[in-house]
Amino acid sequence: MEYVTRGLKERAKQKEEREALNLVINTAIDELSKLSLAKSALELQQDKIEAEVGPIKYIAELIYGENAQDHFDKAVRWVIIVLIFVFDPLAVLLLIAANISLRTRKEAKEEVQNTKKVNLTKELQREKAKSAKLRKKERDYKGFVRKLGAKELSDLDPDEIKLKLDQIMDWNEKSKQP
């Protein structure tokens, strides 16, 4: 039994050392878990950055081959230069096309307005001519009616009187219609 008690005594002596080692192990495990969390957060950020830089990385590898990581800045410059040479002329062409389109639309609108003006002017001239004819007829008929009222019809023959009266009747009927 002496061996058992001696083993227990030795074990009791090592208790403090075991507790210190367990404390160191637990502290190391806690530190390891914190570092693992930080590492996973950094890996997530790195994945996001690589996703954003992915096309540039691909272009750099396309241009510079295996040494692409040393030439990311140059690859970015090349991409910018390509974008400038492609999209700036395109933007200028779009502006020119928009201006031409707007000018054509404006000219077409003006042409329609001018056509309307010309048509209205012609219509006005026709209406003026009709009005002038009607005023002349009205003067003729008023003169005839005055002569008829004054009984000065001696210079007119009966057929002409009948014709004038028929015209007056037609004129009266037309003037009553809307």
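Every chain begins its residue count from 1, and numbering advances along the sequence as written. Reporting of local features is limited, given that this is a predicted model, to residues whose pLDDT is at least 70; pairs of side-chain atoms are given and counted only at 80 or more, and all residues count toward the totals for whole chains, interfaces and linings. The side-chain numbers reported here are obtained from all heavy atoms of the structure, hydrogens and water having been left aside.

### Quick notes on the overall build of the chain
Moving on, step 1. When you go through the chain residue by residue, the secondary structure sums to four helices and zero strands.
Moving on, step 2. As defined in this context, the radius of gyration uses C-alpha atoms, and a globule is described by 2.2 Å times the residue total to the power 0.38. Against the 2.2 N^0.38 benchmark of 16 Å for 178 residues, the chain shows a C-alpha radius of gyration of 55 Å, more extended than a compact globule.
Moving on, step 3. If one aligns the C-alpha atoms of the chain with their principal axes, the spans along those axes are about 175 × 50 × 15 Å.
Moving on, step 4. When a residue's accessible area, from a 1.4 Å probe over protein chains only, is under 20% of the maximum for its type it is buried; when over 50% it is exposed; and in between it is partly exposed. Across the 178 residues of the chain, 6% fall into the buried class. Every helix listed is a DSSP run of H or I at least four residues long, and every strand listed is a run of E at least two residues long, numbered separately from the N terminus.

### Re the pattern of salt bridges
Moving on, step 1. We define a salt bridge as a side-chain nitrogen of Lys or Arg found within 4 Å of a carboxyl oxygen belonging to Asp or Glu. Throughout the structure, instances matching the rule amount to three salt bridges.
Moving on, step 2. R126 is the salt-bridge partner of E123, the closest N and O atoms lying 2.6 Å from each other. Remark: R126 and E123 occur in helix 3 (residues 72-150); sequence separation between them is three residues, near one turn of the helix.
Moving on, step 3. With a relative accessible area of 47%, R126 lands in the partly exposed category.
Moving on, step 4. Across the salt bridge formed by E127 and K130, the nearest N and O atoms sit 3.8 Å from each other. With a gap of three residues between them, E127 and K130 both fall in helix 3, about one helical turn apart.

### Concerning the confidence of the model for the chain
Moving on, step 1. The pLDDT averaged across the chain works out to 82; a share of 90% of its residues lies at or above 70.
Moving on, step 2. Known as pLDDT, the predictor's per-residue confidence is scaled from 0 to 100. At the low end of the mean pLDDT range in the chain sits helix 4 (residues 158-176), at 74; at the high end sits helix 3, at 87.

### A closer look at a nonpolar patch on the surface
Moving on, step 1. Taken together, Y58, L62, I63, W78, I80, I81, I84 and F85 make up a surface patch of nonpolar side chains, about 880 Å² in accessible area.
Moving on, step 2. By secondary structure assignment, the location of Y58 is in helix 2 (residues 15-64). Like-charged residues within 9 Å of one another, or nonpolar side chains (Val, Leu, Ile, Met, Phe, Trp, Tyr) within 5 Å, are grouped into patches, provided each residue has over 30% relative accessible area and no salt bridge. Note on areas: these come from Shrake-Rupley sampling with a 1.4 Å probe, and a residue is covered only by the protein chains present in the view.

### Let's talk about helix 2
Moving on, step 1. The length a helix should cover is 1.5 Å for every residue beyond the first. Helix length check: helix 2, at 50 residues, gives a terminal C-alpha distance of 63 Å against a target of 74 Å (1.5 Å per residue), a shortfall beyond 12%.
Moving on, step 2. To get the bend at any residue, fit one axis to the seven residues that end at it and another to the seven that begin at it, then take the angle between the two axes. At V53, helix 2 shows its maximal kink, close to 55°; a proline, P55, follows between one and four residues later.
Moving on, step 3. G65 sits one or two positions beyond helix 2 and adopts a positive phi of about 75°.

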